[in-house]
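Remarks on the overall topology
So you can see what is in the structure, the chains are spelled out below.
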Amino acid sequence: MTAEKDTVLDMTDLTQSPEADSPEAHSPDDEPNDAAGYYADGTPLIDKKTPTGPIDERWENRKFNARLAAPANRRNLSVIIVGTGLAGASAAATLGEAGYVVKSFCYQDSPRRAHSIAAQGGINAAKNYKGDGDSVHRLFYDTVKGGDYRSRESNVDRLAEISRNIIDQCVAQGVPFAREYGGLLDNRSFGGVQVSRTFYARGQTGQQLLIGAYQALERQVAAGTVETFTRHEMLELVMVDGKARGIIARDMVTGEIETHLADVVVLASGGYGNVYFLSTNAMGCNVTATWRAHRKGAYMANPCYTQIHPTCIPVSGEHQSKLTLMSESLRNDGRIWVPKNREDCDKDPRDIPEDDRDYYLERIYPAFGNLVPRDIASRQAKNVCDEGRGVGPLVGDFRRGVYLDFTEAIERMGKEAVEEKYGNLFDMYAQITGEDPYEVPMRIYPAVHYVMGGLWVDYDLQSTIPGLFVTGEANFSDHGANRLGASALMQGLGDGYFVLPNTVRDYLADGPFEKIDEDHPDVVAARAAVEQRINKLLTINGDRSVDSFHRELGHIMWEYCGMERTAEGLRKGIDLIRSLREEFWRNVKVLGSAESLNQSLEKAGRVADFFELGELMCIDALHRRESCGGHFRAESQTEDGEALRDDEHYSYVAAWEFSDDGEPPVLHQEHLVYTAIEMKQRSYK
Amino acid sequence: MKVTLKIWRQADAASKGAMHTYEVDEVSPDMSFLEMLDVLNERLNAQGEEPIAFDSDCREGICGMCGLMINGEAHGPEVTTTCQLHMRTFKDGDTITIEPWRSDAFPVVKDLCVDRGALDRIIQSGGYISVNTGAAPDAHAVPVPKDKADRAFDVATCIGCGACVAACPNGSASLFVGAKVTHLGELPQGQAERDRRVVNMIGQHDHEGFGGCTNIGECTAACPKEIPLDVISRLNWDLHAALRHGK
């Protein structure tokens, strides 16, 4: 239940504007180019798969025109799926049901543990069960606008359309959504939007949806259509004749390097928020599968778009390994403040008189107060802490936390009502911090939560590498520059259950494909590259642990490519990343052997890829001299300090092509054209 | 604070393991138990000793990947997952024994990591409702009474961590199987396969080498999601019904 204020939007402009002009191309000549020298300009990128015509007929047309593979042929067509979260497990189950030969990979010990499981709030669907005026078009509209007009409208419209099928499918599988006494499904409003379209299973919606997809997957394992490979990590993409034809994976128990070949490879490997070291991601979340594909030719789109969630439990010390999110609904009744005076920061907050408190959000944004959008709430928390007014324990030289105070709410509503509404969150907070939030104000701080960027895909979810498809958080497609609450689950399951199975068949209809075997020179080379890299990591034998490098990289990313970015800071960040990466390859210490379970080795490979990703994120952020959604450039803000978009120059998807090591990446722009919605600047005053 | 750790170390499934003793200084009460092990591992790495392998992923108590026997109790002295246990539960100077899950059906992979694939195979044997993608009727076609939906949810919160098995003197996974049979059996969508589900899941459970249930209740006491013991009653009830139906 998050207060998604991003979507408190003017709903009066639903009129379509089919003649909307396509924005001008960004040209380095007419705009200061902060990133000159850091990248090269490439040719524009065009998505050839997006159908034309009325927006609400495009998906139907694409499904009809996508060719079919006859049932008898499917037994000879094979698919590899990396990742078993919502996007991966649902795709594996559905393609297995269709009769393809599917191999499913995950690094965890069971497919059920993928990090989709941690999603709390809910899943949006345009069912209009409440009769409150919701519709496919309204969900489409909210999502494009919430994404700050940086998503592809055809994709978003499709997502809104299939959202309804997702709920049907999950209910039939036995997902125990919340219900009303009449036996029908309950919905709630996910802050901000004016309709109730969020389906939920208490605070564990992600868990219940994933268990549903996992059970469907295991059913196909029993049916013999899907084979699962747990504790396996994809370390390289196999390409033959310019097409994706398989993966090189490491059996994390025996250390064996395995070759798996197929006709199609699907990456459903999640997001890369762990580049920041501290995030709400699981410990194992990583970029390796997508980054390896990127290095082989798949473009990476909008890598700088990062969602930072304002209400997480702050860091308590240098040992911290991850951050925990608490529902944003807390901001509905809690008041956020810090001391006016630095010298009060280490006092018991109950001893700080009212006059010495700064309720800074209420002060700066009197209209929205504590309910300003996620990005604004996050940025202001960082600002007051940077001023030295943060609270909580000193971590390094800083206190990184602000108070979220329920004293007033307890007086107004009574303790019982607060407990009824927020009890489970208060318990979670008490469990982690050891403090009683009914007595002492909670402390919160923003944390990296989700990445909107990912591998570029066309309307069919195919990357720039033929035969390589990308689903879920791993692709860039549907959320633009900012994802709305309860939309990640919708996209993951939408991609896996309904989009991919309908588009991948068009590619597979060209089969049967030429048989390749493990002795093919390209396969042998991919495998040799993996072995060489592992050997390198194990033989550097330097002084520093993998974690110490990861922590330092995360610090650089947070400082220079975090909530507020500047040209100067980003350039400094790039320099720091480059020198840290150089040190890593000279001074990392990885013990143990390649031939057994070796968690340091696993982490080392992931961190090595995070260095390269981190640099590209900074370059992407540096070149985009505008603020939009999860990307705030200090140089592009209104007088009130709000994000200022620059549609004239930046209304495009930035798709980055990998060059050789040491060469600058190449930028390809996919221009965004809106025919079914008018572009507007958001405002919260 | 300072603690002494006695930790099971075992190179791989085929090797013999042994307890090793480590001292950890400068433990903060705010650390999670696993962060305390992270600190130890950083030190071991610096000293040239291979870090201790243990599983964890989400570290927020929901993925079910972590799980250690701490002083002989699954997930330690509190009703929570290992990742949500904090060092403030312990005292300065404590000695803490850490072992992997104990069960024949969960062979040790390395150090504190075990193979819980048997739980996946139990789900494969029937822990689902058979409905192909796209074949579902409208979600409102079948109302579900709220008490049934709530009960289904309560037991569907099982995270598959295996603590119930580790805690059980018989090494039984009856709580795990009972939770799934109850979750799907409460819902109208789950009725068609109810008989064969319970028979097949119990068959697979026994085949994997899990022990039988003798109503001791250690499982529910150790369960971080507090799955109630009566799901096992429900399991037995459903099994008898299925047998009566000649399944």
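**Describing the overall build of chain A**
Tallying secondary structure elements over chain A gives 17 helices and 22 strands in all. Relative to the compact-globule value of 26 Å for 685 residues, chain A shows a C-alpha radius of gyration of 24 Å, a close match. Its C-alpha atoms put chain A at 75 × 60 × 55 Å along the principal axes. Carbon and sulfur atoms provide 47% of the accessible area of chain A, an area that totals close to 22,600 Å². Placing the 75 positive and 106 negative side-chain charges of chain A at their respective mean positions leaves the two points 3 Å apart.

**Some points on the pairing of strand β10 (residues 264–267) of chain A**
Residues and elements named next belong to chain A. Residue alternation in β10 divides its side chains into two sets, Val264 and Val266 and Val265 and Leu267, and both sets are buried. Relative to strand β20 (residues 468–470), β10 runs parallel, the two sharing three bridges. When the bridges of β20 are listed, Val266 appears paired with Phe469.

**Details of the domain arrangement of chain B**
All names here are of chain B. Domain annotation for chain B reports domain 1 (3–110) and domain 2 (117–244). Of note, the centres of domain 1 and domain 2, computed from C-alpha atoms alone, are 29 Å apart. The interface is formed by 16 residues belonging to domain 1 together with 19 residues belonging to domain 2. A combined buried area of about 1,200 Å² lies between domain 1 and domain 2, and 66% of that area is made up of carbon and sulfur atoms. Ranking the residues of domain 1 by area buried against domain 2 places Val79, Ala105 and Phe106 at the top, with a combined share of 37%. On the surface where domain 1 and domain 2 come into contact, there are zero salt bridges.

**Some remarks on the nonpolar core**
Membership of the largest hydrophobic core comes to 235 residues, with the highest contact counts inside it found for Ile123, Phe177, Leu267 and Phe406 of chain A. A total of 13 residues in this core trace back to one element, the largest contributor, which is helix α16 (residues 599–623) of chain A. Look past the residues within four positions of Phe177 of chain A in its chain and what remains in contact with it is Ile123, Ile167, Cys170, Val171, Leu185, Phe199, Tyr200, Ala201, Thr205 and Leu209 of chain A together with Ala149 of chain B. Within the second largest apolar cluster, 25 residues are counted, among which are Ile7, Leu34, Met36 and Cys66 of chain B.

**Focus: the environment of Glu678 of chain A**
As for its position among the elements, Glu678 of chain A is in the segment after β22 (666–671). Counting along the chain gives 536 residues from Glu678 of chain A to Asp142 of chain A, while the straight-line C-alpha distance between them is 12 Å.

**Let's talk about the layout of surface pockets**
Of the pockets and cavities examined, the largest pocket occupies roughly 1,400 Å³. Lining the largest pocket are 44 residues, with Arg202, Gly203, Gln204, Asn424 and Leu425 of chain A sitting closest to its centre. Only α11 (415–433) of chain A together with α3 (146–156) of chain B provide two or more residues apiece to the lining of the largest pocket. Residue contributions to the lining of the largest pocket peak at nine residues, all from α11 of chain A. Here the residues of the lining of the largest pocket sort into 16 nonpolar, 14 polar and 14 charged. Looking at the second largest pocket, its volume works out to about 910 Å³. Lining the second largest pocket are 48 residues, and of these Met283, Asp547, Gln599 and Lys603 of chain A together with Asp38 of chain B lie nearest its centre. Every element with two or more residues in the lining of the second largest pocket is listed here: α14 (546–560) and α16 of chain A together with α1 (33–47) of chain B. Here the lining of the second largest pocket is built from residues that sort into 16 nonpolar, 15 polar and 17 charged.

**Description of the domain arrangement of chain A**
Residue and element names in this part refer to chain A. On domain assignment, one finds that chain A holds domain 1 (310–447) and domain 2 (519–646). A C-alpha centroid distance of 30 Å is found between domain 1 and domain 2. Counting residues at the interface gives 14 residues for domain 1 and 11 residues for domain 2. Summing the contributions of domain 1 and of domain 2, the shared interface buries around 960 Å²; its carbon and sulfur component is 50%. There are zero salt bridges connecting domain 1 and domain 2. Seen at the junction of domain 1 and domain 2, the total is two residue pairs in polar contact (both at pLDDT 80 or more). Sorting the residues of the side of domain 1 that touches domain 2 by element identifies α9 (374–389) and β18 (442–451) as the ones contributing at least two each. A total of six residues in the side of domain 1 that touches domain 2 trace back to one element, the largest contributor, which is α9. Of the residues in the side of domain 1 that touches domain 2, the class split is five nonpolar, four polar and five charged.

**Quick word on the state of the cysteines**
The full count for this structure, using the stated rule, is zero disulfides over all chains. The thiol sulfur of Cys312 of chain A is not disulfide-bonded, and the nearest other cysteine sulfur, from Cys385 of chain A, lies at 13 Å. As a non-bridged cysteine, Cys213 of chain B has Cys219 of chain B as the owner of its nearest cysteine sulfur, 6.4 Å distant. Overall, Cys213 of chain B belongs to the partly exposed group, its relative accessible area being 35%.

**Some words on the interface of chain A and chain B**
Contact with chain A, which involves 73 residues of that partner, is made by 76 residues of chain B. Taken over both partners, the interface formed by chain A and chain B buries close to 6,100 Å², and the fraction arising from carbon and sulfur atoms is 50%. At the junction of chain A and chain B, the tally comes to five salt bridges. Connecting chain A to chain B are 48 residue pairs in polar contact (both at pLDDT 80 or more). Per-element tally for the side of chain A that touches chain B: the top contributor is helix α6 (residues 205–223) of chain A, with nine residues. Of the residues belonging to the side of chain A that touches chain B, the class tally is 28 nonpolar, 30 polar and 15 charged.

**Structural notes on the pairing of strand β9 (residues 257–261) of chain A**
Residues and elements named next belong to chain A. In terms of burial, β9 is a largely internal element, four of the five residues being buried. Inspection of the sheet shows strand β8 (residues 243–251) paired to β9 by five bridges, in the antiparallel sense. When the sheet's bridge partners are listed, Gly246 is paired in β9 with Leu261. From the end of β8 to the start of β9, which pair antiparallel, there are five residues, and Gly255 there has a positive phi angle of about 80°.

**A short note on the packing of helix α5 (residues 153–173) of chain A against helix α12 (residues 488–508) of chain A**
Residue and element names in this part refer to chain A. Running from N to C, α5 and α12 cross one another at 85°; their axes reach a closest spacing of 9 Å. Comparing their axes, α12 and α5 come out roughly perpendicular. Residues Arg158, Leu159, Ile162, Ser163, Asn165, Ile166, Gln169, Cys170 and Gln173 of α5 form the contact with α12, whose own contacting residues are Met490, Gln491, Leu493, Gly494, Tyr497, Phe498 and Val499. Here the contact of α5 with α12 is composed, by residue class, of nine nonpolar, six polar and one charged.

**Thoughts on the pattern of salt bridges**
All names here are of chain A. Under the definition given, this model contains 80 salt bridges over all chains. Arg150 is the partner of Asp647 in a salt bridge, and the nearest nitrogen-oxygen pair spans 2.9 Å. Separated by 497 residues along the polypeptide, Asp647 in helix α17 (residues 647–650) and Arg150 in the loop between α4 (136–146) and α5 bring together distant segments of the chain. Asp647 sits in the partly exposed class, given a relative accessible area of 22%. With a closest N to O distance of 4.0 Å, Glu602 and Arg606 form a salt bridge. One end of the pair, Glu602, and the other, Arg606, are both in helix α16, four residues apart, so they sit about a helical turn from each other. Under the relative-accessibility criterion, Arg606 is labelled buried at 8%. When salt bridges with common partners are traced through the structure, they connect Lys49, Arg62, Arg67, Asp458, Asp460, Asp506 and Asp510 into a single cluster.

**Focus on the confidence of the model for chain B**
Reading predicted coordinates in detail is not appropriate for stretches of low pLDDT. Put simply, chain B has an average pLDDT of 97, and 100% of its residues get 70 or more. Of the two predicted TM-score estimates for the complex, the pTM is 0.95 and the ipTM is 0.98.

**Quick notes on α16 of chain A**
With 25 residues, α16 of chain A ought to run about 36 Å at 1.5 Å a step, and its terminal C-alpha atoms sit 36 Å apart, in line with that. One side-chain oxygen of the residue at the start of α16 of chain A lies 3.3 Å from the amide nitrogen of Ser600 of chain A, identifying that residue as Asn598 of chain A.

**Some words on the packing of aromatic side chains**
Tallied over the entire structure, the rule returns 23 aromatic pairs over all chains. Relative to Tyr459 of chain A, the ring of Trp59 of chain A lies with its centre 6.1 Å away and its plane at 75°, an arrangement referred to as edge-to-face. Of this pair, Trp59 of chain A sits in helix α1 (residues 58–65) while Tyr459 of chain A is found in the loop between β19 (454–455) and β20, placing the two residues 400 residues apart along the sequence. Overall, Trp59 of chain A belongs to the buried group, its relative accessible area being 2%. In textbook terms, an aromatic cluster arises when at least three aromatic residues are bridged by ring pairs, as seen for Phe406, Tyr422, Phe426 and Tyr438 of chain A. When the ring centre of Tyr200 of chain A is taken as reference, the NZ or CZ atom of Arg188 of chain A above it lies at 3.8 Å. The residue whose ring lies beneath Lys146 of chain B is Tyr181 of chain A, and the NZ or CZ to ring-centre distance is 5.6 Å.

Parameters at a glance
- Residues numbered from 1 in each chain as written.
- Chains lettered and ligands numbered in written order.
- Predicted model: local features only at pLDDT ≥ 70, side-chain atom pairs only at ≥ 80, totals over all residues.
- Heavy atoms only, no water.
- Helix = DSSP H or I, 4+ residues; strand = E, 2+ residues; numbered from the N terminus.
- Rg over C-alpha atoms; globule rule 2.2 N^0.38 Å.
- Areas by Shrake-Rupley, 256 points an atom, 1.4 Å probe, with all protein chains shown as cover.
- Lys, Arg positive; Asp, Glu negative; His and termini not counted.
- Charge placed at Lys NZ, Arg CZ, Asp CG, Glu CD.
- Buried < 20%, exposed > 50% of the residue type's maximum accessible area, 1.4 Å probe, protein only.
- Pairing = 2+ DSSP bridges.
- Domains from an automatic or database assignment.
- Contact = heavy atoms within 4.5 Å.
- Buried area = accessible area lost by both parts, 1.4 Å probe.
- Salt bridge = Lys/Arg side-chain N within 4 Å of Asp/Glu carboxyl O.
- Core = buried A, V, L, I, M, F, W, Y, C linked by side-chain atoms within 4.5 Å.
- 1 Å grid on protein atoms, 1.4 Å probe; cavity = no way out; pocket = protein on both sides within 12 Å on 5 of 7 lines; lining within 4 Å.
- Points joined across faces, edges and corners; volume = space filled by probe spheres on them.
- Nonpolar A, V, L, I, M, F, W, Y, C, P; charged D, E, K, R; others polar.
- Polar contact = N/O pair within 3.5 Å; in protein donor to acceptor, adjacent residues only side chain to side chain.
- Disulfide = S-S within 2.5 Å.
- Axes fitted to C-alpha atoms, helices over the stretch in contact; angles between N-to-C directions.
- Parallel < 35°, antiparallel > 145°, perpendicular 65-115°, else oblique.
- pLDDT = per-residue confidence, 0-100.
- Expected span 1.5 Å × (residues − 1).
- Phe/Tyr/Trp six-rings, centres within 6.5 Å; stacked < 30°, edge-to-face > 60°.
- Lys NZ or Arg CZ within 6 Å of the ring centre and 35° of its normal.

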